[in-house]
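Observations on the three-dimensional arrangement
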Amino acid sequence: MPCIYQIIRLSDESCVYVGSTSGELRKRIYSHRGKCKRRDYPLYRIVKAEGGWEAFDFVVLEEVDDNTDLLTLEKEYILHLNPEANRDMPIRTKEERRQ
């Protein structure tokens with residue numbers, strides 16, 4: 001089911017990353033774990049620096065019935081939670097892209 005999720009640091013329960021998936025969360029988790037080995041993104045640098053995925057948890061913030069507003073909701077959660085590893089904002093306005 002499509003959802004918005006956050007990745008939290010277990011040591012202090014802080015929000016490290018907010019994401020969305022149009023499919024099953026377990027497949028998205030698997031994707032993150034695989035990319036962490038090959039990619040150099042802020043989220044994966046944090047995971048590696050803190051000893052691996054065992055120090056983090058995936059938490060569903062909201063399930064949605066369809067994908068229509070998925071990225072809009074993701075953006076709202078990113079703005080509200082201010083996660084440290086989100087570098088790109090979904091659905092940016094022209095003004096936001098210029099900044």
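Scope of this entry: the structure provided in the associated data block. Keep in mind that what you see is a predicted model, and the values were worked out from it rather than measured.

Cut-off values and rules
Residues numbered from 1 in each chain as written. Predicted model: local features only at pLDDT ≥ 70, side-chain atom pairs only at ≥ 80, totals over all residues. Heavy atoms only, no water. Helix = DSSP H or I, 4+ residues; strand = E, 2+ residues; numbered from the N terminus. Expected span 1.5 Å × (residues − 1). Buried < 20%, exposed > 50% of the residue type's maximum accessible area, 1.4 Å probe, protein only. Contact = heavy atoms within 4.5 Å. Salt bridge = Lys/Arg side-chain N within 4 Å of Asp/Glu carboxyl O.

Further remarks concern helix H1 (residues 25-38). In a regular helix each residue adds 1.5 Å, so 14 residues correspond to 20 Å; H1 covers 20 Å between its end C-alpha atoms and thus fits that length. Burial in H1 covers these residues: Leu-25, Arg-28, Ile-29, His-32, Gly-34 and Cys-36. Contacts from the buried residues of H1 go to strand E1 (3-9), strand E2 (15-21), helix H2 (42-49) and strand E3 (56-63).

Turning to the pattern of salt bridges, a few remarks are in order. Applying the stated criterion across every chain yields a total of four salt bridges. Among the ionic pairs, Glu-50 bridges to Arg-9, the shortest N-O distance being 2.9 Å. Taken as a pair, Glu-50 in the loop between H2 and E3 and Arg-9 in strand E1 lie far apart in primary sequence, 41 residues in all. Using a relative accessible area of 9% as the deciding quantity, one classes Arg-9 as buried. Of the charged contacts, one joins Glu-24 and Arg-26 as a salt bridge, the two residues approaching to 3.0 Å between their closest N and O atoms. Exposure remark for Glu-24: the relative accessible area of 35% places this residue in the partly exposed category. Residue class for Arg-26 comes out exposed when judged on its relative accessible area of 57%. Members of the salt-bridge network, linked through shared partners, are Arg-9, Glu-50 and Glu-84.

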